[in-house]
Amino acid sequence: MSAAANAPRPTSTMHLIVRSSRIHSRGCYTTAPITEGTFIVQYTGEQITCDEANERYEDHPDTYLFGLDDGAHVIDGDGVAAFINHSCDPNCESDEIDGQVWIIAVRDIEAGEELTYDYCLYDGDDESPCSCGADRCRGTLYSDEEMEKRAKEGPGRKPD
Ligand SMILES: [Zn+2]
């Protein structure tokens, strides 16, 4: 598919609500059905460098940061998308298009479902265990690639 055919068309932001989640803290739910492929909501917020984010949130365990593909910047989330929890068997995916991050439905989603996407974390210093409850939960918010890398490097790895 070409990039043009993929142009973001948000359709259902008005049906999103934030309430307490069984996965973690608060989550984002849809009150209306969503069709596979829908650009549900943009991950909005200030774009800052990773260094700025580290300074800003040094002592905060809960942050709403989204790492951009360049590996040097993050979005400091300020919208409902920031409340979407991780799942190892998600109903959405995140996609960066021209510097904008979109949450897109990867299957049809029923009214009342909690929206989730796979965080695929990398390069963190924390353990970030997963409690998504999916049958194929991999037990961590880190990506498979990151866990393989860690296994190879062994327990002696120092955070940079
Ligand atoms: Zn999981």
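Reading the values: rules and limits
Residues numbered from 1 in each chain as written. Predicted model: local features only at pLDDT ≥ 70, side-chain atom pairs only at ≥ 80, totals over all residues. Helix = DSSP H or I, 4+ residues; strand = E, 2+ residues; numbered from the N terminus. Buried ≥ 20, exposed ≤ 12 C-beta atoms within 10 Å, placed from the backbone. Pairing = 2+ DSSP bridges. Axes fitted to C-alpha atoms, helices over the stretch in contact; angles between N-to-C directions. Core = buried A, V, L, I, M, F, W, Y, C linked by C-beta atoms within 7 Å. Contact = placed C-beta atoms within 7 Å.

(A) Looking closely at the environment of Asp 51. Among the structural elements, Asp 51 can be located in helix 1 (residues 50–56). Among the residues examined, Asp 51 registers 10 C-beta atoms within 10 Å and is labelled exposed. Sequence separation of Asp 51 and Ala 72 is 21 residues, and the distance between their C-alpha atoms is 8.2 Å.

(B) Seen up close, unusual backbone geometry. For Cys 120, which is not glycine, the phi torsion reads 45° and is therefore positive. Relative to the elements of secondary structure, Cys 120 occurs in the loop between strand 10 (116–117) and helix 2 (144–153). Notably, Ser 128 is not glycine yet its phi reads approximately 50°, a positive angle. The exposure class of Ser 128 is exposed, given the 12 C-beta atoms found within 10 Å.

(C) View of the sheet that holds strand 8 (residues 92–97). One open sheet accounts for 3 strands, arranged 3-9-8; its pairing is antiparallel. Strands with a single pairing partner mark the edges of an open sheet, and in this sheet they are strand 3 (39–42) and strand 8. With direction set aside, neighbouring strand axes in the sheet form an average angle of 30°. Bridging between strand 8 and strand 9 (residues 100–105) involves 6 bridges; their strand directions are antiparallel. Across the sheet, residue Asp 95 finds its bridge partner in strand 9, namely Trp 102.

(D) Summary view of the nonpolar core. In this structure, Cys 28, Ile 40, Tyr 43, Ala 81, Ile 84, Ile 103 and Leu 115 are the most contacted members of the largest nonpolar core, which totals 23 residues. Listed by contribution, the elements that provide at least two residues to this core are strand 2 (26–30), strand 3, strand 6 (73–77) and strand 9. No other element matches strand 9, which puts 4 residues into this core. In contact with Tyr 43, other than residues within four places in its own chain, are Phe 66, Ile 75, Gly 77, Ala 81, Ala 82, Ser 94, Val 101 and Ile 103. Grouped together as the second largest cluster of nonpolar side chains are 5 residues, Tyr 119, Cys 132, Leu 141 and Tyr 142 included.

(E) Structural detail: the sheet that holds strand 5 (residues 65–67). In spatial order, the strands read 4-6-5; together these 3 strands make up an open sheet with antiparallel pairing. Single-partner strands in this sheet number two, and they are strand 4 (45–49) and strand 5. Put simply, the sheet's adjacent strands are angled 30° from each other on average, direction ignored. With 5 bridges joining them, strand 4 and strand 6 adopt antiparallel strand pairing. Looking across to strand 6, one finds that Ile 48 is bridged to Val 74.

(F) Local environment of the pairing of strand 6. Where strand 5 meets strand 6, 3 bridges bridge the pair, whose relative direction is antiparallel. Paired with Phe 66 across the two strands is Ile 75, which belongs to strand 6. With antiparallel pairing between neighbouring strands as the criterion, strand 5 and strand 6 make up a hairpin whose turn holds 5 residues, including Gly 71 at a positive phi of roughly 75°.

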